[in-house]
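Coordinate inspection notes
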Amino acid sequence: MRCLTFAAALAACGLATCSLPALAQSASTLEASQVIEVQRGKNSAKPPVITAVAILPGGGQVATAGDDHVVRIWSAENGRIVHTLSGHSDWVRGLTFSPDGSLLASAGDDHQIILWQVSTGKQRSMLPRHSDAIYSRAFSPDGLTLAAVGFGHNVCLFDVGTGRETSELIGPGADLRSVVFSPDGKQLAVGGRNGQIRVWSMPAGTMQLEFAAGQGRLRTLAYLPDGKKLVSAGDGRLISLWDTRSGEEIRKFTCPSGKVLSMTVCGDSQIATGGSDNVVRVWNWQTQTETDRLLGHTGSVAALAFDRQSGLIISGSFDTTVRVWKLNSTDTSADTAAGADQQSRVR
């Protein structure tokens, strides 16, 4: 087995995809990737299941977390671990960098949200304890507000500067799995177990829309860059696009197998999904076509992140690995990379 730094792995990642005519060819299948095996921590008997990944805006750093309660930030410049963040007492389910890259928010089963100073790795603040395990959190585009949802029905909004809870919205049901702000910050959308999506006008917190998004639990929501379309996916395998002004369905297509557990937007016309079938799929939503199929994980793909500048997708899985994929078919500019740990082994 060859040992490489994460930075070297990114540089060596030659997984170019090809542009495929809509509805004319099957998905391009990629069976090779660089695999980053995160080593177990001092207090763990095994490597961590990876359920959260995030890429620093502009590239350069990647954060990962999972069931060992530890958050790790890696550097792309030297391939070494920058910070190991300890503070959670249970499974970490989600990570989010603030828009300016100065803060990292982590949250999970211990009902706790922690804000970390990225430059120092020090805990900036611990937000008021949530009433339930937290599954999803999102910064507003201006970085001033953090929204969080979990296994309850409440949507908590926090002032990032003071750390105080400023308001609470009521979601469409219990077990909320995803919360997202629109790119302009004027909408907030949530979804969860009952398949309903509720959308509020922000910052007033006035409910604007509510609609049924399909069968089964919703696992993930994402706004497209224009802010006029919202994508939903989950246990029912249905991927749907919605008009954010009317709530009308614009497109829908079905993932061929497995529940959709994670999703990330890859430019204006592409999205990537990760599933319980261990596969990452890249879709052109305009043609409803699966353009690329990224193979290699041996466990459910619980987390995805995309860096617009470099065209890199980072995937985290229950197989305890992080994989790096390079997409050349996205409508983005390639510029930056992401990083990781000198202790990580790459096969």
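Everything numeric in this text was worked out from a predicted model, so none of it was measured.

1. Details of the sheet that holds strand 17 (residues 196-201)
With antiparallel pairing, 4 strands are arranged side by side in an open sheet as 15-16-17-18. Bordering the open sheet on either side are strand 15 (176-181) and strand 18 (206-212), each of which pairs with just one other strand. Within this sheet the neighbouring strands show an average axis-to-axis angle of 15°, counted without direction. Taken together, the 6 bridges between strand 17 and strand 18 define a ladder with antiparallel strand orientation.

2. Things to note about empty space enclosed by the protein
One pass over the structure, following the stated rule, counts 1 cavity of 30 Å³ or more. The space that makes up the largest cavity amounts to roughly 60 Å³. Lining the largest cavity are Ala 213, Gly 214, Gln 215, Gly 216, Arg 217, Leu 218, Ser 232, Ala 233, Gly 234, Asp 235, Gly 236 and Leu 238. For the lining of the largest cavity, the leading source of residues is strand 20 (residues 229-234), giving 3 residues. Across the lining of the largest cavity, the residue classes tally to 4 nonpolar, 6 polar and 2 charged.

3. As for the nonpolar core
Counting residues in each nonpolar core, the largest one holds 15 residues, and the members touching the most others are Ala 63, Ala 65, Val 71, Leu 85, Leu 95, Phe 97 and Leu 104. When contributions to this core are tallied by element, the ones reaching two or more residues are strand 3 (50-55), strand 4 (61-66), strand 5 (70-75), strand 7 (92-97) and strand 9 (113-117). The element that contributes the greatest number of residues to this core is strand 7, accounting for 3 residues. If you look at the next biggest cluster of nonpolar residues, it comprises 14 residues, including Ile 239, Leu 241, Ile 271 and Trp 285.

Reading guide: rules and limits
- Residues numbered from 1 in each chain as written.
- Predicted model: local features only at pLDDT ≥ 70, side-chain atom pairs only at ≥ 80, totals over all residues.
- Heavy atoms only, no water.
- Pairing = 2+ DSSP bridges.
- Helix = DSSP H or I, 4+ residues; strand = E, 2+ residues; numbered from the N terminus.
- Axes fitted to C-alpha atoms, helices over the stretch in contact; angles between N-to-C directions.
- 1 Å grid on protein atoms, 1.4 Å probe; cavity = no way out; pocket = protein on both sides within 12 Å on 5 of 7 lines; lining within 4 Å.
- Points joined across faces, edges and corners; volume = space filled by probe spheres on them.
- Nonpolar A, V, L, I, M, F, W, Y, C, P; charged D, E, K, R; others polar.
- Core = buried A, V, L, I, M, F, W, Y, C linked by side-chain atoms within 4.5 Å.
- Buried < 20%, exposed > 50% of the residue type's maximum accessible area, 1.4 Å probe, protein only.

Without other data, these values stay purely geometric and don't point to any function.
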